[in-house]
Amino acid sequence: EETKENLWFPKSPAAEMADGFIRARFALGDRLDSTVLFRATVDPNDVIGFSGYGLSIARDVVEFHRWDRGEVQAMGESTRIKSLRTATSVELALWLVGPHMVAQLYDGKTLESLGSLVISDSTYPSGRLGLRTYVKQDAVSHLTHLSVRAAGTKTGSHWEPAGARRFAELDMSVLSDLPVGIDLEVVEPRGEDQSRVLVNTDRRGLELLRRAGVTIHKLEPEATFAFLDSDYRKQRGKAPERTATGFRTDASYKDADMVEALIRAYHERFPAITKLVELGQTHEGRPILALKISDNVEQDEDEPAVLLNGAHHGEELLSIEFALDAMATLLEGYKGDSRIKRMVNGAELWVVPLVNPDGAQHHITASLRAGRKNGRPAGDEEGFQTRNGVDLNRNYPFRWHSQGEATSSSDPRHSWYRGPVAGSEPETQAMMRLADSEHFAASLSYHTLGTLLLVPYTIDNVQNPQPNEAWGIAEAIAELTPEQPNGRKYKVVRNMYSVDGVDQDWLRAAHGTVALMIEGPFSSPSETKRLASVESTRETWMSLVDRVLDGPSVYGSVHTASGEPVVAKVSIDEVKLLEGEVWTSRCRDGRFERLLPGEGSYTVRVEVAGLEPMTKSVKVRAGARKRVDFELANAGNAALVDALCSDRSLCSAQTVCEAEAGRCVSPGAPSWCRLDGVCHEAGSGEGCERCEPSRLALEWSAAPTGTACGAASCEAGIEHGAASCAARGGCVAAEAQSCAPYLACDGGACARSCRSDGDCVDGARCEGGSCVAGEASSTAASLTAVRSVGEQESAKDRASSSEGGCQQGSTRGRDSGSMLLLAMGLGALALSLRA
Ligand SMILES: [Zn+2]
């Protein structure tokens, strides 16, 4: 050929590498001149101008080269290996670890080591494997084997070394005096007083720290989002930055504290149109915050309610940005933007930017592998564990666990763990309380990723209402929303795969909400794409709210002649519900709102058990909301009493448990648990079960370890200590103990004093008011003073038993009892020998 050289870069993704191992074998001819290339970056339009490294073998000269856009330069000394002239084949092994490159050559036949080269350079951290041959020799036939084994994992364009780097917790004070030449990055301060610091370093760094005598308090293999995202690190801990119209929201992704600070800041700046509501608290005690946005915000107005939420999956950080952007856009646009003004004045908008604050926090500060789930502790492990938690979007009570293990899991460590029971989680319950209170006409839950718009029901075999207005609404939204920065438009689908326990299915089934879900275009992309995604996804919620305000829809209220609101089943004859859904009017005001599939004539039907149904026919035009109210005249009817909300506050977001009736109308409330269908007040419970709604509102919580759960007793010389609650639940009886050397009980405990040898077991005698080892004696001591000493000891013993919980106390008692028994046994043995 005319060309001077041949270059070959295989297209296989396996040729991509950073650290790893390369093996090449050549058959040696007279004119071998080949180079194994690695970590090479190739411009497809200018293949000669590649950059990267190479190890070349030309006759008997071996050397490392570096290419910089086609310019080649030798690195270090070349090595002459004389035996290459006589070998018939050569095998090359090349190790790449960070900047270190080690080449070892072997005789291909005998596998004898021929020589090695070592070089260090950090210009090119990763790239492709390739081969360069010089034209002087027939090189292709000489290469008989070329393989690569990459170490580490690739995320985007970034290679994460396999096990090479570690996160270490050190005392802050050591930072001022680090070993020379250490490769170390400070990640974040640790501890309440920030006396410690988390650093990232490699194995060499750890070795240098150890040799310098630095104490490594903790060593973690986990990378965190905080470590990877410098924008976040610059912003964290800072108060929201005030701008002319609101606050800066676009500087970085946000952890749970930053989201909370931003919500509170907006609430304080726009008090007339916002109401801040704490819906509940997470397992780790973080508030789940909702911001209601509406004019006359303190009133429950006769307006359709719409819910927007982000991050059921805490690690889907972009979804938080979507929801925060909705909040900021609504508040900052209220004054000047007529489209926004109509929304705020015409609807009651609820934004929950971060449904899963614990998850988001874990993802950012604990491990990239955590955060999808809520971190709920599993089994007997203490504290946060990367894999623990419930997938909140598998925990909602509609057809929960109806599809086996396919798309939700029973394993507490699985990514799709559905929770121990439906609606078990504080986050799920918080969202359900809000929905039960508001009866949302429509909702949008933001997730990532897929560039998809999901329409309920997402479970394949569940039948949608006919006709299904939600589908048409979703298609219109997808049409109106611009192309996303990944070049795709949102595509309307029923699901990505059939999933049970998701929020949108529950919202749809429980209240008829047009409950949609967005899967955004990227997963936590960097700044440019993040900002572009937020902007181009904004139209999704805007066109949904527009659709709610435009109609076609029907709304109104059900009440008695005297104006009492009534909880009634409200349905539309022309919309067939095929899964037994019962959609009712709201408790606090009897209000209902239904979006309709299109213009036309509809029959609205209102039913209360025991009463004749009422119907009204309405004609609804396109682009119109039609009002239709129902008045139930026979207020004295017994059937109506159950449907009446005499105390309107009962059904607010805060209180949904009808305590007096012992009946629950909703899954829970902050101060109540619903357990087996019965209401229990916080703190109540028996044995080792407690109602602790801040932890679990649908299950018993375990009482604290050591809580007494059964009284102590003593019978026939056998003492049963007080039972207590074990660390892992359940009431554990203290072990029964013999009262020996005493024979009798004194009330609920063993006797601690004796009057005569008859009060002591065989082999013991009564001496000075106490049973002691030894043969019974007829000599009666004068005991009065001695016995009072014995009683003091006994009282002291009881006092020490009662402190620190009864389980500990009884353990102590058992130990001392065993000691006594042992002493008695020895005494008896000695006696029998003597006899
Ligand atoms: Zn998700």
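The structure we're discussing is the one just above.
Just so it is clear, the structure is predicted and the values come from calculations on it, not from any experiment.

A. Just the overall build of the chain, in detail. What the chain contains, in helices and strands, is 14 helices and 49 strands. The burial tally for the chain puts 50% of its 835 residues in the buried class.

B. How the structure looks around the pattern of salt bridges. In this structure the tally under the stated criterion is 37 salt bridges. Residues Arg23 and Glu91 are paired through a salt bridge, measuring 2.6 Å at the closest nitrogen-oxygen approach. One end of the pair, Arg23, is in strand 3 (residues 19-27); the other, Glu91, is in strand 8 (residues 89-97), with 68 residues separating them in the sequence. In this structure Glu91 comes out as buried when scored by relative accessible area, which is 9%. Notably, a salt bridge pairs Asp68 with Arg66, separated by 3.1 Å at the nearest N-O pair. Its relative accessible area of 21% is what places Asp68 among the partly exposed residues. Assessed through its relative accessible area of 17%, Arg66 is described here as buried. Linked through salt bridges whose partners overlap, the residues forming this network are Asp302, Arg591, Glu593, Arg625, Arg627 and Asp629.

C. Inspection of the state of the cysteines at higher detail. Applying the stated criterion across every chain yields a total of five disulfides. Bridging Cys714 to Cys745, the disulfide has an S-S length of 2.1 Å. Here Cys714 and Cys745 share a disulfide; its torsion about the S-S bond, -70°, makes the bridge left-handed. In this pair, Cys714 sits in strand 41 (residues 713-715) while Cys745 sits in strand 46 (residues 745-746), placing the two residues 31 residues apart along the sequence.

D. Fine view of the coordination of the zinc ion. Looking at the zinc ion, the protein donor atoms are His313 (ND1), Glu316 (OE), Glu316 (OE) and His447 (ND1), and they sit 2.0 to 2.3 Å from it. Classification of the site at the zinc ion rests on its four donor atoms, whose angles at the metal span 57 to 145°, yielding the label irregular. Mapped onto the polypeptide sequence, the residues donating to the zinc ion form the spacing pattern H-x2-E-x130-H. Placement of Glu316 in the loop between strand 21 (305-310) and helix 5 (317-333) and of His447 in strand 23 (residues 442-448) is noted, with a sequence separation of 131 residues between them. Of the two residues, Glu316 and His447, both sit in the buried class.

E. Just unusual backbone geometry, in detail. The residue after Pro456, namely Tyr457, is reached through a cis peptide bond having omega -5°. As for its position among the elements, Tyr457 is in the loop between strand 24 (452-454) and helix 9 (469-480). Residues Gln466 and Pro467 are joined by a peptide bond in cis, for which omega reads -10°. Take Pro467: it is sitting in the loop between strand 24 and helix 9.

F. Inspection of helix 10 (residues 503-511) at higher detail. When you tally the buried positions in helix 10, you get eight out of nine residues, the bulk of the element. Among the residues of helix 10, Asp503, Gln504, Asp505, Trp506, Leu507, Arg508, Ala509 and His511 are the ones counted as buried. At the exit of helix 10 stands Gly512, carrying a positive phi of roughly 75°.

G. Quick look at the side chain of Asp202. Position of Asp202 among the secondary structure elements: in strand 17 (residues 196-202). A polar atom in the side chain of Asp202 sits 2.7 Å from the backbone nitrogen of Gly205.

H. Expanded view of the environment of Glu631. As for its position among the elements, Glu631 is in strand 33 (residues 630-632). The class of Glu631 is partly exposed, set by a relative accessible area of 46%. On a C-alpha basis, the gap between Glu631 and Ala561 in space is 5.8 Å, while along the polypeptide they are 70 residues apart. If we ignore the near neighbours within four places in the chain, the residues touching Glu631 are His559, Thr560, Ala561 and Met614.

I. Representation of helix 9. Along its 12 residues, helix 9 runs 17 Å from first to last C-alpha, staying within 8% of the 16 Å computed at 1.5 Å per residue. Buried residues of helix 9: Glu469, Ala470, Ile473, Ala474, Ile477 and Ala478, and no others. Looking straight down helix 9, one finds that the buried residues subtend no more than 165° of arc, so they occupy a single side.

J. Geometry of the environment of His414. Tracing the sequence through the fold places His414 in the loop between helix 7 (357-365) and helix 8 (426-438). We classify His414 as partly exposed; its relative accessible area is 32%. In this structure, the C-alpha to C-alpha distance between His414 and Asp391, residues 23 residues apart in sequence, is 8.8 Å. For His414, the residues in contact, after removing those within four places along its chain, are Lys373 and Ser409. Only 2.9 Å separates the side chain of His414 from the backbone nitrogen of Trp416, close enough to count as a polar contact.

Rules behind the numbers
Residues numbered from 1 in each chain as written. Predicted model: local features only at pLDDT ≥ 70, side-chain atom pairs only at ≥ 80, totals over all residues. Heavy atoms only, no water. Helix = DSSP H or I, 4+ residues; strand = E, 2+ residues; numbered from the N terminus. Buried < 20%, exposed > 50% of the residue type's maximum accessible area, 1.4 Å probe, protein only. Salt bridge = Lys/Arg side-chain N within 4 Å of Asp/Glu carboxyl O. Disulfide = S-S within 2.5 Å. Donors = N, O, S within 2.8 Å, 3.2 Å for Na, K, Ca; no water. Tetrahedral: all angles 85-135°; square planar, octahedral: opposite > 155°, others 65-115°. Polar contact = N/O pair within 3.5 Å; in protein donor to acceptor, adjacent residues only side chain to side chain. Contact = heavy atoms within 4.5 Å. Expected span 1.5 Å × (residues − 1). Arc of directions from axis to C-beta.

Bear in mind that shape data such as this cannot, by itself, settle questions of function.
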